[in-house]
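Here's the letter readout for the chains.
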Amino acid sequence: TCPSASCSALRRPSPSLMSNLVLPFPHPLPQQVEIAGGKGASLAKSTAAGFPVPPGAIVVADAFRQWRGEPALPAVVAAELRTWLATQPPERTFAVRSSATAEDGTQHAFAGQHETFLHVPAAEVPRRVVDCWHSREGERAVAYRRQAGLRDEDVQMAVVIQAMPPTSIAGTAT
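Here the structure is a predicted model, which is why all the values come from computation and not from measurement.

A few words now on the pattern of salt bridges. Within the structure shown, the criterion is met by five salt bridges. Put simply, D62 and R65 hold a salt bridge, and the shortest N to O gap is 3.9 Å. Here R65 and D62 lie together in helix 3 (residues 61-66), a separation of three residues that amounts to about one turn. E137 is the partner of R136 in a salt bridge, and the nearest nitrogen-oxygen pair spans 2.3 Å. Assessed through its relative accessible area of 8%, R136 is described here as buried. Judged by its relative accessible area of 43%, E137 falls in the partly exposed class.

Counting buried positions along strand 3 (residues 93-100) yields six of eight residues, so the element is predominantly enclosed. Bridge count between strand 3 and strand 5 (residues 157-163): seven bridges; the pairing is antiparallel. Pairing of F94 across the sheet is with A163, part of strand 5.

Reading across the sheet, the five strands line up as 1-2-5-3-4 and stay open at both edges, with antiparallel pairing between neighbours. Only two strands of the sheet have a single neighbouring strand rather than two, namely strand 1 (22-24) and strand 4 (116-121). Neighbour to neighbour, the strand axes of the sheet diverge by 25 degrees on average, direction disregarded. Lying on the sheet, helix 5 (residues 125-135) is in contact with strand 2 (56-59), strand 3, strand 4 and strand 5; it crosses strand 5 at an angle near 140 degrees.

What counts, and where the lines are drawn
Residues numbered from 1 in each chain as written. Predicted model: local features only at pLDDT ≥ 70, side-chain atom pairs only at ≥ 80, totals over all residues. Heavy atoms only, no water. Salt bridge = Lys/Arg side-chain N within 4 Å of Asp/Glu carboxyl O. Helix = DSSP H or I, 4+ residues; strand = E, 2+ residues; numbered from the N terminus. Buried < 20%, exposed > 50% of the residue type's maximum accessible area, 1.4 Å probe, protein only. Pairing = 2+ DSSP bridges. Axes fitted to C-alpha atoms, helices over the stretch in contact; angles between N-to-C directions. Contact = heavy atoms within 4.5 Å.

Given below as structure tokens:
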């Protein structure tokens, strides 16, 4: 659930948010979990704090609320996403990652419940955003929500679109 009084406006499309459905990490709004989901808010906060985060944007939860299960993005979301993608180098590929508004908190993790797609070319990003949205209704995600006592409307879906850094090796050091 959304803790602030401003969240009632986020539950329904409003003219003030209609032009803010795809927000780059440096924008201040994605730092709020109810707008960007847990993963998206963490990336936006890390960017704001000056950490080296690959560039990206968030298709905010309000865009998900406007979607009605169609196979394509709502027109206004698609237009904003195309505008943001046009600012990126044409050879760049992206990670397209679900970011639920109830994930990565103190109560619920949702790890592995929703979809992530790696090395997605720009032309396929809109389809993968829809695939992330559809994953909210996946068997694992629905079972997890039921087990956690969450109602479907308690979990909205933002989507992170982040540049895939070129790598030849990856891992962690201890």
